[in-house]
Amino acid sequence: MSFEADVVAWLPQLRRYARALTGDPAWADDLVQDTAERALTRVHAFRPDTNLRAWLLTILRHLYVDQLRARRELAVDDDDAPWHGLEVPSGQVDSLALRDVQRMLYRLPFEQREVLLLVCVEELSYREVSAVLDVPVGTVMSRLSRAREHMRSLLADGAQRRPTALKAVRNS
């Protein structure tokens, strides 16, 4: 397989990660396109004995952070953020729970959210996440632990505020 074909093979995973980071499909697509373009124009910077997926995720993350800084939106936890209006697919069994998890994910601090996404969604090892984020493995583990605890706390708070008269019913 060629380098270009290898990059193309990772595009769906890059899009999933970009969409989880941004909460905006159009922005995510732009990020993935910019990532692929940068990877293909800087093929000489890739070391063949390393993990291509981690390298691509690193490029995507750097582009995302640069764009946030350019927009002066590095603090992305405001109430007007685009992900607060994300639609949950209708007719889904656990759509309310999914919406709650999605909203709580975007209430996490950026550093915790990106580690949680890389480990739990992209299934990268701690070492790979460490390489993507350019932080020690211990920092990855610490951020992940704090992210999980923060998510538990946010979801528990949300469950306490939900009306008790409502009940989720499974469609058969």
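Residues numbered from 1 in each chain as written. Predicted model: local features only at pLDDT ≥ 70, side-chain atom pairs only at ≥ 80, totals over all residues. Heavy atoms only, no water.

Under an unreviewed UniProt entry, the protein chain has the name RNA polymerase subunit sigma-24 and belongs to Trinickia dabaoshanensis. Taken directly from UniProt, the Sequence similarities (unreviewed entry) text for the protein chain runs: "Belongs to the sigma-70 factor family. ECF subfamily." (UniProt positions renumbered as here; feature names shortened; annotations may be inferred.)

1. Some points on a nonpolar patch on the surface
Residues Tyr 126, Val 137 and Met 141 make up a contiguous nonpolar surface patch of about 230 Å² in total accessible area. Secondary-structure assignment places Met 141 in helix α8 (residues 137-161). (Patch = residues over 30% accessible without salt bridge, like charges linked within 9 Å, V, L, I, M, F, W, Y side chains within 5 Å. Areas by Shrake-Rupley, 256 points an atom, 1.4 Å probe, with all protein chains shown as cover. Salt bridge = Lys/Arg side-chain N within 4 Å of Asp/Glu carboxyl O. Helix = DSSP H or I, 4+ residues; strand = E, 2+ residues; numbered from the N terminus.)

2. Remarks on the pattern of salt bridges
Summed over all chains, the structure comprises four salt bridges. Taking the shortest distance from any N to any O, the salt bridge between Asp 29 and Arg 15 comes out at 2.4 Å. Separated by 14 residues along the polypeptide, Asp 29 in helix α3 (residues 25-41) and Arg 15 in helix α2 (residues 11-22) bring together distant segments of the chain. Classification of Asp 29 as partly exposed rests on a relative accessible area of 34%. (Buried < 20%, exposed > 50% of the residue type's maximum accessible area, 1.4 Å probe, protein only.)

3. Thoughts on the side chain of Thr 35
Looking at where Thr 35 falls in the secondary structure, it is placed in helix α3. Contacts of Thr 35, omitting those with residues within four sequence positions, involve Leu 14, Leu 56, Ile 59, Leu 60 and Leu 63. (Contact = heavy atoms within 4.5 Å.)

4. Observations concerning the packing of helix α4 (residues 52-71) against helix α7 (residues 126-133)
Where α4 contacts α7, the two axes come as close as 8 Å, and the packing angle between them is 40°. The angle between α4 and α7 falls in the class oblique. Two packed elements cross with a definite hand, and for α4 against α7 that hand is right-handed. Taken together, the residues of α7 that come into contact with α4 (itself represented by Ala 54, Leu 57, Thr 58 and Arg 61) are Ala 131, Val 132 and Leu 133. Of the residues belonging to the contact of α4 with α7, the class tally is five nonpolar, one polar and one charged. (Axes fitted to C-alpha atoms, helices over the stretch in contact; angles between N-to-C directions. Parallel < 35°, antiparallel > 145°, perpendicular 65-115°, else oblique. Left-handed = near helix turned anticlockwise from the far one by under 90°. Nonpolar A, V, L, I, M, F, W, Y, C, P; charged D, E, K, R; others polar.)

5. Regarding the packing of α4 against helix α6 (residues 110-121)
Contact pair α4 / α6: the axes reach a minimum separation of 13 Å and the direction vectors enclose 155°. Taken together, the axes of α4 and α6 are roughly antiparallel relative to one another. The element α4 and its partner α6 pack so that their crossing is right-handed. Between α4 and α6, the residues in contact are Leu 57, Arg 61, Tyr 64 and Val 65 and Phe 110, Arg 113, Glu 114 and Leu 118, respectively.

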